Every structure is written in structure tokens, then in C-alpha cells.
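# Structural description and commentary
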Amino acid sequence: MEVEVNIRVDGTPHRLTVDVRTTLLDALRERLGHTSAKKGCDHGQCGACTVLLDGRRANSCLALAVAHDGAEIVTAAGLAPDGELHPMQHAFIRHDAFQCGYCTPGQIVSAVGMLREAEAGWPSAVTAGQPAGGGDGPAVAMLTDDEVRERMSGNLCRCAAYANIVPAIQEAARR
């Protein structure tokens, strides 16, 4: 069965007719040609397909397109409107926080979403029981190496660029 879906991707509205079993990732890549979200494991375990879905990070390989009619989706490409790189993208470049680059779009989108969560005071398993910001400023001030690793644990890098990803995220958090 096919259904019509309206979504906004990187600021552009789209109307699609999709099979009810079509994932958001497949709609983005195969129907709309948006290829920055990558198909990695196709089981929600690697994070290569991470997008911001209505402002929150989500694995697009696990989301059915029909469940997100009217949604606002931002991919890594959408973080850089008009060719101006997002501060997180700049930080990844400055810190050489990628090797093969396959996971990089998902890592960057997830990092942007993670910083929003930290700024909102959402605790992780590492911060559980601590007040947001530790009482002296925004929660992003608490982004220790362990905190970043925990919050980014849903994004895997097979090349092991983590040693550079963590400081890149911390730099972007300070901006």
C-alpha cells in the first residue's frame, strides 16, 4: 500500500508517495537523492543514518516515512546552508575527526543534536544525579571526555577516529 507523505528536508518541502514500509532513510536517499545520511548497518546500531527529526536526533533507518508526515528533517548537508559550514563541521575539519569519512555526516548531526540535549539539561548515564551545568553554567560546560563518549555512543566509527571526534565536539560546544 502506498501513502502520500509531506516532509521538509533541509528547508525544502517535498511531497512523496511511498510504500508504507519505506524507511525515512530510503525515502531520503532513493526518492529524494539526499545522500549525506548513510546506510550503514540498517539496524539502528551504527548511527551513520542519523538526522535531526523535528529537532531531535534519530536513526533514519528505523523510522518509517509514513510515521513522520509533516516532519522537519535536517541532514548533515542541511547544517551548512548557503555553503557556510556549521561550527561542528569546522571543528571536525580542524581536529581531523574523520578517516574514511563514511560515518562523519551521522557523527556531526548526532553531535549537534547531543549538544542541544546537553544545553537543555538532559542527563546521560554519566551525568545522572548531577544538576544541569553542575550549578555553574550551561550543561555543555560538563562535557568531559567521558560525557561526550557516553552521549555519542550510538555512533560508531570503524576507523576509530574517536580520539579526534571527542575534542572536536568539545571545541564546538565552547563556541
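Preceding block: the structure.
Residues numbered from 1 in each chain as written. Predicted model: local features only at pLDDT ≥ 70, side-chain atom pairs only at ≥ 80, totals over all residues. Heavy atoms only, no water.

### Concerning the sheet that holds strand β2 (residues 12-19)
The cut-off we apply is this: Only strands that DSSP links by at least two bridges are regarded as paired with each other. A run of DSSP states H or I qualifies as a helix once it reaches four residues; a run of E qualifies as a strand once it reaches two. Both are numbered from the N-terminal end. Axes here mean lines fitted to C-alpha atoms, for a helix over just the part in contact, with angles spanning 0 to 180 degrees between N-to-C directions.
The mixed open sheet is built from five strands, whose spatial order is β2-β1-β5-β3-β4. The strands lining the two open edges of the sheet, one partner per strand, are β2 and β4 (56-59). Between one strand axis and the next, the sheet turns through 40° on average, direction left out of account. Where strand β1 (residues 2-9) and β2 come together, eight bridges link them in antiparallel fashion. When the sheet's bridge partners are listed, V9 is paired in β2 with T12.

### So, the environment of E4
Short version of the rule: Contacts are assigned to residue pairs with any non-hydrogen atoms lying within 4.5 Å of each other. Whenever two N or O atoms come within 3.5 Å, that pair is a polar contact, provided that in protein one can donate a hydrogen and the other can accept it, and provided that, for residues adjacent in sequence, both atoms are side-chain atoms.
The topology assignment puts E4 in strand β1. Separated by 54 residues in the primary sequence, E4 and A58 place their C-alpha atoms 22 Å from one another. Setting aside chain neighbours within four positions, we find E4 in contact with R15, L16, T17 and D69. A polar side-chain atom of E4 sits 3.5 Å from a polar atom in the side chain of R15.

### Some points on the pairing of β4
Across four bridges, the pairing between strand β3 (residues 50-53) and β4 is antiparallel. Bridge pairing in β4 links V51 to A58. In textbook terms, the turn of a hairpin is the stretch between consecutive antiparallel strands, and for β3 and β4 this stretch comprises two residues, one of which, D54, has a positive phi near 50°.

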